[in-house]
Amino acid sequence: MGLWSATSIGVGAMVGAGIFSIFGTATQISGNAVYISFIIAGSIALLSTYSYAKMGVRYPSAGGPVEFLVRGFGDGVLSGGLNILLWTGYIFGLALYAKGFSLYAMTFMPAGSPAIWSNFFATAIIVIFTAINFIGAKAVGRSEIFVVSIKVGILMLFAFSGLFFIRPDNISIAHFPHFSNIIFGAGIVFLAYQGFGLITNAAEDMDDPRKTLPKALYLSVLIVICIYVLVSLAVIGNMSMSEITNAKDYALAAAAEPFLGTVGFKIMAMAALFSTSSAINASLYGGANVSYLIAKEGELPEFFERKVWKRSTEGLFITSGLVILCTNLLNLEGIGMLASASLLVIYVAVNAAHLRLSDETGAKPYLIWSSLVSSLFFFGILVYYELLNSIRTLIAFTFVLVFCFIVEWIYRKCSRREIKTRELI
């Protein structure tokens, strides 16, 4: 696997579903400065790539961050509980993508259609991909660059076309919200950068992982930052805040209509359906599968095993069932907050583990500390935002966090399961 193939894994995992699902919600918080929020969140993600790059080269494994946590903290309730939290984060992410899919699917329904159709579409897309995973369909790695090119191509066409029609007053600094709102918005859109860590799973398949892996990680995040900023400018430059609020569930499609017409609206809506479907499939095949297998068996899988639910099909149904519950019971903003908070806790833990392993990886401690402190700061920002706006969401996350460690402790006591690291080659 070369540099661009590896980079496409990260770009493909990040671009699409996240920005389609949460853009409207983020804009409600950070207003016409939403592109600043994307830059800030991208900078934090870029810092985190340092630890992933260093540890991905030193400890290549499809276990990804779980391998890093076990290496740093050893086998125990802490690393096991964090793995369950990672699995839970994938569940929230899947619910977010399913919700995004349903909201864009609703744009193809007649005006005034009952809201229940949204729940139907969200549930149906999860059921469809659950069936595909159960049957055992294989993901074709060679198609990744092609698939990513389609997604990125549509977004870039939209972004560059929209830049020619921008209304300067819409992006005026004079209309920026308070800086705290920009920071809060960054906490929300941080979820849109989830996925770059999947590149570390492919380390064993790279010709020269010591050079290719770090370059692919940094390059993928930088590319995605540029895409998100351009897309953000195209949306807020062509729509007023009130228009974005009215169309927040399908903001990107609505923003294409003024300069690309009805055809542009439909193309962007189709791109959203394609991207969210792709993200659901990838998350079920990849991360959720691995995290469940590790939680159950304690075995960190080989690279080629990560995409097949062949050892624990019950995990597929448990995961899908929980996703359907979250999709139907939680609102979009709540799901986004829970997913972002779970992800930030994992990033904090990975960086803390890296501090203990810096001698082995040859990393610079000050860069690890920078990533750790920034991730911790943004986690605090999210907590503060929920204190001000949704105590119930904060209570829900606290319950999830505590529950993950209780489940790990009980299961470990009953099964005597241990989590084993891979042998280094």
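Owing to the predicted nature of the structure, the values given are computational and were not obtained by experimental measurement.

A. Main features of the overall build of the protein. In terms of helices and strands, the protein carries 17 helices and 0 strands. For the protein, the C-alpha radius of gyration of 20 Å lies close to 22 Å, the compact-globule estimate for 425 residues. Along the longest, intermediate and shortest principal axes, the C-alpha atoms of the protein span 60 × 45 × 45 Å. Each of the 425 residues in the protein was classed as buried or not, and the buried ones make up 58%. Counted over contacts in the protein with a minimum sequence separation of 6, partners at least 24 positions apart contribute 81%. Entry remark: accessible area of the protein is about 17200 Å², with carbon and sulfur atoms responsible for 67%. Charged side chains in the protein number 27 positive and 23 negative. The centres of these two groups are separated by 2 Å.

B. Spatial organisation of the confidence of the model for the protein. This prediction gives the protein a mean pLDDT of 85; 91% of its residues lie at or above 70. Looking at the elements of the protein, mean pLDDT is at its lowest for helix α9 (residues 198-201), recorded as 70, and at its highest for helix α17 (residues 391-415), recorded as 93. Taken as a whole, residues 137-143 scores under 50 in pLDDT and shows 5 contacts with residues more than four places along the chain or in a different chain.

C. Unusual backbone geometry, seen in detail. Located in the positive-phi region is Arg 416, a residue other than glycine, with phi close to 60°. Within the secondary structure, Arg 416 is located in the segment after α17. Note on Arg 416: relative accessible area 72%, which makes it exposed.

D. Local environment of a nonpolar patch on the surface. On the surface, Tyr 384, Leu 387, Leu 388, Ile 391 and Ile 395 cluster together into a nonpolar patch covering about 500 Å² of accessible area. For the nonpolar patch, the elements supplying multiple residues, two or more each, are α16 (365-389) and α17. The greatest single-element share of the nonpolar patch, amounting to 3 residues, is contributed by α16. The topology assignment puts Tyr 384 in helix α16. Owing to a relative accessible area of 44%, Tyr 384 belongs among the partly exposed residues under this scheme.

E. Just the state of the cysteines, in detail. Enumeration according to the criterion identifies 0 disulfides in this entry. Cys 414 forms no disulfide, and the closest cysteine sulfur to it belongs to Cys 404, at a distance of 17 Å. Using a relative accessible area of 65% as the deciding quantity, one classes Cys 414 as exposed.

F. Representation of the environment of Thr 421 in the model. For Thr 421, the position within the fold is in the segment after α17. Owing to a relative accessible area of 34%, Thr 421 belongs among the partly exposed residues under this scheme. Separated by 352 residues in sequence, Thr 421 and Leu 69 place their C-alpha atoms 9.8 Å apart.

G. Summary view of helix α13 (residues 287-297). Most of α13 is tucked away, with 9 of its 11 residues classed as buried. Those residues of α13 lying buried are Gly 287, Ala 288, Asn 289, Val 290, Ser 291, Tyr 292, Leu 293, Ile 294 and Ala 295. Structurally, α13 contributes buried residues whose contacts are with α4 (65-73), α5 (77-105), α12 (251-285), α14 (313-329) and α17. Count one or two residues on from α13 and you reach Gly 298, which has phi positive near 75°.

Calculation notes
Residues numbered from 1 in each chain as written. Predicted model: local features only at pLDDT ≥ 70, side-chain atom pairs only at ≥ 80, totals over all residues. Heavy atoms only, no water. Helix = DSSP H or I, 4+ residues; strand = E, 2+ residues; numbered from the N terminus. Rg over C-alpha atoms; globule rule 2.2 N^0.38 Å. Buried < 20%, exposed > 50% of the residue type's maximum accessible area, 1.4 Å probe, protein only. Contact = heavy atoms within 4.5 Å. Areas by Shrake-Rupley, 256 points an atom, 1.4 Å probe, with all protein chains shown as cover. Lys, Arg positive; Asp, Glu negative; His and termini not counted. Charge placed at Lys NZ, Arg CZ, Asp CG, Glu CD. pLDDT = per-residue confidence, 0-100. Patch = residues over 30% accessible without salt bridge, like charges linked within 9 Å, V, L, I, M, F, W, Y side chains within 5 Å. Salt bridge = Lys/Arg side-chain N within 4 Å of Asp/Glu carboxyl O. Disulfide = S-S within 2.5 Å.

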